Amino acid sequence: MKEEERRELVEKYKSEISIFVDKVNENERPVVEMLIERISYLAAHLEEVEQETLKKGLLTKGKGSTGNIVTKINPLVNAYVSYAKQFTSSVKQLQGFLDNLQPEEKDELQMFVEKFK
C-alpha cells in the first residue's frame, strides 16, 4: 500500500468515528481527538498488515545463523500483534469517554469496533 492510500484510509476511519468528538465534554475533547487519531492510524495499518499476511503468509523462509534455511514467523505478525494490542487499548479508552452518551449514539462506535473483532 502506498503512503497516499494509507493516508486516505486513516482519514476514512477518522471521519467514521469523529462524529463523537462534539458529543463529549469540552474538557475531554483534546484527549478524544487524540484517541481518534491513534485509532484511525492503527486501524489503517492493521488492515494493511492483514492484506500483506494474506498474500505472503504467516511464515517466511530465511537463513539461520549457521547459514541453513529456516522457517520463521513473518515479521509482520509481530507488528500486527503490537498494533492490535494498542488498537484494543485505545478503543477501550475511547469507550470510557463515551459511556455517558445515549444508547443510539453508541451504535456507530459499536459498528466500527465490530469491523475489527
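Everything discussed here concerns the structure shown above.
The notes below deal with the structure included here. (Residues numbered from 1 in each chain as written. Predicted model: local features only at pLDDT ≥ 70, side-chain atom pairs only at ≥ 80, totals over all residues. Heavy atoms only, no water.)

## Focus: the pattern of salt bridges
Under the defined criterion, the tally for this structure stands at six salt bridges. The partner of K14 in a salt bridge is E11, and the shortest N-O contact between them spans 3.5 Å. With K14 and E11 both in helix 1 (residues 3-17), this residue pair falls three residues apart, about one helical turn. E37 is the partner of K14 in a salt bridge, and the nearest nitrogen-oxygen pair spans 2.7 Å. Of this pair, K14 sits in helix 1 while E37 sits in helix 2 (residues 29-56), and the two are 23 residues apart along the sequence. E37 gets classed as partly exposed once you look at its relative accessible area, which sits at 39%. In this structure, a network of salt bridges that share partners links the residues E11, K14 and E37. (Salt bridge = Lys/Arg side-chain N within 4 Å of Asp/Glu carboxyl O. Helix = DSSP H or I, 4+ residues; strand = E, 2+ residues; numbered from the N terminus. Buried < 20%, exposed > 50% of the residue type's maximum accessible area, 1.4 Å probe, protein only.)

The analysis is restricted to geometry; functional conclusions fall outside its scope.
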